[in-house]
Amino acid sequence: MKRPRLRKASKRLSCHKRYKIQKKIREHHRKVRREAKKRGRKKPKKDPSVPGAAPFKEALLREAEQRRQRLEELQQKQKLDRQKELEKRRKLDAKKNAAKIEEQTEGTVIEASDVILEVLDARDPMGCRCPQLEQAITCSGGDKKLVLVLNKIDLVPKENLEKWLNCLKKEFPTVAFKSSTLMTDRTMVRVKRARIDLSRNTECFGSECLLKLLQEHCRTQDKAIQVGLVGFPNVGKSSIINSIKKNRVCNAGLGRGLTKCMQVVRIDKKMKMLDSPSIVADRANSTLTLALRSIIDAGGSGSIDVVEAVDAVLNHCSKQQVMMSYSIPDFRNTEEFLTLLAQKRGMLKKGGVPDIENIAKLLLCDWTGAKISYHSQPPGSQMLPAYLTEDKIAEMQKGFNLKKLEEENNATVQALKYPSPASSIVFQSAGMTNGKIQENKVVGETSQWESLETSEEEEEDDFMETDDQDSMEEEEEEEEEKDVKEVNQGFIQLLPA
């Protein structure tokens, strides 16, 4: 017996239902037209072309095209002016934010911390010291301690590092440290584990020594302590915290001034670390000091010239060692050196012109980063600063086991691999760097009146922008009407009477 076939549902509609649907569609279209008529939709204007029989048609069209080009140039110029104004406004906002950050940090960190770690670059330890900061800590009273952390010790020869440790430990307790440079987030470890070669760059040296020193001080105080890290840009404050935590908890990188506000990181139950923005170098310092210890902003009014900064750095180094380090032939001046370096690294502008400014920034980034190995010699006759006395030194060293610290430093020094003295550039340090220590203020603290003023200014700027756009549209319409009238008049005059 055959199986009965299932019939498909018919798509036919009754006439009543079909007419009803068509009626609703017509009503909907009518409603849409009515609303569009109420809104007053403008029809696009048709271009009234010059009649083909008109004499001098090409000249008239040429004049109209020139007029149109002038109008487009005017519009482009107005657009560029508006963009420049917006850039100026953004730079002013950035300066205001930077001023707020400058006003808040160092006083806050000094007052909130029991132990202050002044982070120094091992390549130029004396240039990374701030006398105003050290004076503020030693003269603050109470039980505040100052410890020097000599970071980036793998970039200087071993003999030079030992000399600096012997020199600095006479004033303050000094810890030799080498932070990890390939620190990743916890979420990135699984993805990049196969790609990252766990070389010596990921290893940290000196973290156990620093932790033991702070934990012993914590036991002597019999209370929880806060440890503040201070220093100039790109000395490795955030990297030290990341190395101790063995995780990227603070933002760190090659750029200067990445840390914008104070950040609290818990190390254990009895210890917290405070990561702070960099000390602001005083503008009265030398060009060399500002080149290595300040945040370079090419657009800022107070920023230094990067070419002058590179010139100051090269004048304090051996020319032969710089040529060997960069594999550059002999050069007569700084501009020629930067030109050769830009050509070697392929940093060229349109037409093959060397990009001097960007290559100068890159060179300064190399010198403050971890690419270039250079070292400075400690002073021959060590004179104590005016704010340091024997009593102050004894007070700062009280509560620390200095013998154990020296043993740990020696173990750290022996465990690392160092560059040879021949491959490291000899650098003449400019001495201590003067910095600005501000009073204790809160980050981002603004009054209601300031916020109201800024909002009013923004509204005025938006209103001015809308006015400019309306005026431009009106000018376009007027120009089009003028073109039409001139073409018509010229055509009427040429017609026979």
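Named according to an unreviewed UniProt entry, the chain is Guanine nucleotide-binding protein-like 3 originating from Cairina moschata. Taken verbatim from the UniProt record of the chain, the Subcellular location (unreviewed entry) comment is "Nucleus, Nucleolus". You can read under Function (unreviewed entry) in the UniProt record for the chain the words "May be required to maintain the proliferative capacity of stem cells. Stabilizes MDM2 by preventing its ubiquitination, and hence proteasomal degradation."

Novice: Is there a simple way to explain a nonpolar patch on the surface in this structure?
Specialist: There is a patch of nonpolar side chains on the surface, built from Leu13, Ile21 and Ile25 and spanning about 250 Å² of accessible area. For Ile25, a relative accessible area of 43% puts it in the partly exposed group.

Novice: Honestly, the pairing of strand β1 (residues 115–121) in this entry has me stumped. Any pointers?
Specialist: Sheet faces and side chains relate simply in a regular strand, where the side chains alternate between the two faces. Counting buried positions over the 7 residues of β1 gives 7, a clear majority of the element. Both faces of β1 are covered, namely the face carrying Val115, Leu117, Val119 and Asp121 and the face carrying Ile116, Glu118 and Leu120. Note that β1 and strand β2 (residues 145–151) share 7 bridges and pair parallel. Across the sheet, the residue bridging to Leu120 is Leu150, located in β2. Note on the crossover from β1 through helix α3 (residues 131–138) to β2: the handedness is right-handed. Strand direction decides the pairing type here: β1 and strand β4 (residues 225–230), joined by 4 bridges, are parallel. Bridge assignment links Ile116 to a residue of β4, and that residue is Gly228.

Novice: Help me out: how do you make sense of the nonpolar core in this one?
Specialist: A general trend in soluble globular proteins is that nonpolar side chains are found buried together. In terms of nonpolar packing, the biggest core is built from 61 residues, with Leu117, Leu150, Leu210 and Met273 touching the most fellow members. When residues in this core are grouped by element, the largest group, 6 residues, is from helix α6 (residues 207–221). Discounting chain neighbours no more than four positions away, the residues touching Met273 are Leu117, Leu214, Val227, Leu229, Ile241, Ile244, Gln263, Val264, Val265 and Ile267. Counting residues in hydrophobic clusters, the runner-up holds 28 residues, among them Ile328, Leu338, Leu341 and Ile425.

Novice: Quick question: what am I supposed to make of the side chain of Arg293 here?
Specialist: Counting through the fold element by element, Arg293 comes out in helix α8 (residues 287–293). Judged by its relative accessible area of 3%, Arg293 is buried. A distance of 3.4 Å separates a polar side-chain atom of Arg293 from the backbone oxygen of Gly127.

Novice: Before we go on, may I ask you to explain unusual backbone geometry in this structure?
Specialist: As a rule of thumb, non-glycine residues mostly have phi less than zero, and peptide bonds are mostly trans rather than cis. One non-glycine residue, Lys152, lies in positive phi territory at about 60°. The exposure class assigned to Lys152 is buried, which follows from its relative accessible area of 11%. Its identity as a non-glycine residue notwithstanding, Asn234 has a phi of 65°, on the positive side. The class of Asn234 is buried, set by a relative accessible area of 15%.

Novice: Hey, could you run me through the environment of Ser424 in this one?
Specialist: Residue placement: Ser424 occurs in the loop between α14 (402–415) and β9 (425–426). Here Ser424 falls in the buried class, since its relative accessible area comes to 0%. With 48 residues separating them along the chain, Ser424 and Ser376 place their C-alpha atoms 10.0 Å apart. What Ser424 contacts, discounting residues up to four positions off in sequence, is Leu155, Pro157, Gln321, Ser373, Tyr374 and His375. A polar side-chain atom of Ser424 sits 3.3 Å from a polar atom in the side chain of Ser373.

Novice: How do you make sense of the packing of aromatic side chains when you look at a structure like this?
Specialist: The description of two aromatic rings rests on the distance between their centres and on the angle between their planes. Here the structure, examined in full by the defined rule, presents 5 aromatic pairs. One aromatic cluster is present, built from ring pairs that chain together Tyr326, Phe331 and Phe337. Lying across the ring of Phe331, Lys319 places its NZ or CZ 5.0 Å from the centre.

Novice: What is the right way to read the pattern of salt bridges from this model?
Specialist: Side chains bearing opposite charge may pair, as long as their charged atoms lie close to each other. Under the definition given, this model contains 14 salt bridges. Across the salt bridge formed by Asp121 and Arg123, the nearest N and O atoms sit 2.9 Å from each other. The two residues Asp121 and Arg123 agree in class, both being buried. We note a salt bridge from Glu216 to Lys404, for which the minimum N-O separation is 3.5 Å. Separated by 188 residues along the polypeptide, Glu216 in helix α6 and Lys404 in helix α14 bring together distant segments of the chain. Given a relative accessible area of 19%, Glu216 falls into the buried group. Here the residues in one salt-bridge network are Asp121, Arg123 and Lys152, joined through shared partners.

Calculation rules
Residues numbered from 1 in each chain as written. Predicted model: local features only at pLDDT ≥ 70, side-chain atom pairs only at ≥ 80, totals over all residues. Heavy atoms only, no water. UniProt positions renumbered as here; feature names shortened; annotations may be inferred. Patch = residues over 30% accessible without salt bridge, like charges linked within 9 Å, V, L, I, M, F, W, Y side chains within 5 Å. Areas by Shrake-Rupley, 256 points an atom, 1.4 Å probe, with all protein chains shown as cover. Salt bridge = Lys/Arg side-chain N within 4 Å of Asp/Glu carboxyl O. Buried < 20%, exposed > 50% of the residue type's maximum accessible area, 1.4 Å probe, protein only. Helix = DSSP H or I, 4+ residues; strand = E, 2+ residues; numbered from the N terminus. Pairing = 2+ DSSP bridges. Right-handed = clockwise from strand over helix to strand, strands pointing away. Core = buried A, V, L, I, M, F, W, Y, C linked by side-chain atoms within 4.5 Å. Contact = heavy atoms within 4.5 Å. Polar contact = N/O pair within 3.5 Å; in protein donor to acceptor, adjacent residues only side chain to side chain. Phe/Tyr/Trp six-rings, centres within 6.5 Å; stacked < 30°, edge-to-face > 60°. Lys NZ or Arg CZ within 6 Å of the ring centre and 35° of its normal.

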